[in-house]
Amino acid sequence: MTDAQIGLVVATPVIMGFALMLKRMGVLQGGGTLAAVLASLAIGVILFLEQ
């Protein structure tokens with residue numbers, strides 16, 4: 001794996017976890033949390049496969 005792929009493997013779950021923590025704190029609603037998690041997952045997968 002390249003350095004960029006390792007960065008994506010580390011950063012994507014952190015972003016998803018941050019969105020879930022914001023949901024638990026009441027900052028994000030369910031739809032916003034779902035959108036953030038799915039968008040970060042999709043972007044991470046696309047960028048990982050392009051590297």
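Check the entry above for the structure.
S.K.: I'd like to hear about the overall build of the protein chain, residue by residue, with values.
M.R.: Helix and strand counts for the protein chain stand at two helices and zero strands. Across its three principal axes, the protein chain shows a C-alpha extent of roughly 35 × 15 × 10 Å. Looking at the 51 residues of the protein chain, the share that counts as buried comes to 18%. About 3,700 Å² of surface is accessible on the protein chain, with carbon and sulfur atoms providing 74% of the total.

S.K.: Help me get a handle on the environment of Asp-3, residues and values and all.
M.R.: Of note, Asp-3 is situated in helix α1 (residues 3-25). On the accessibility criterion, Asp-3 (70% relative accessible area) is exposed. Counting along the chain gives 26 residues from Asp-3 to Gln-29, while the straight-line C-alpha distance between them is 34 Å.

S.K.: Give a detailed account of a nonpolar patch on the surface, specifying residues and quantitative values.
M.R.: Taken together, Met-1, Ile-6, Val-9, Val-10 and Val-14 make up a surface patch of nonpolar side chains, about 480 Å² in accessible area. Structurally, Ile-6 can be placed in helix α1.

S.K.: Kindly report on the side chain of Thr-33, identifying the contributing residues and their values.
M.R.: For Thr-33, the position within the fold is in helix α2 (residues 30-50). Thr-33 sits in the buried class, given a relative accessible area of 6%. One polar contact links the side chain of Thr-33 to the main-chain carbonyl oxygen of Gln-29, over a distance of 2.9 Å. Once residues within four sequence positions are removed from consideration, Thr-33 is found in contact with Ala-19, Leu-20, Lys-23 and Leu-28.

Rules of the game
Residues numbered from 1 in each chain as written. Predicted model: local features only at pLDDT ≥ 70, side-chain atom pairs only at ≥ 80, totals over all residues. Heavy atoms only, no water. Helix = DSSP H or I, 4+ residues; strand = E, 2+ residues; numbered from the N terminus. Buried < 20%, exposed > 50% of the residue type's maximum accessible area, 1.4 Å probe, protein only. Areas by Shrake-Rupley, 256 points an atom, 1.4 Å probe, with all protein chains shown as cover. Patch = residues over 30% accessible without salt bridge, like charges linked within 9 Å, V, L, I, M, F, W, Y side chains within 5 Å. Salt bridge = Lys/Arg side-chain N within 4 Å of Asp/Glu carboxyl O. Polar contact = N/O pair within 3.5 Å; in protein donor to acceptor, adjacent residues only side chain to side chain. Contact = heavy atoms within 4.5 Å.

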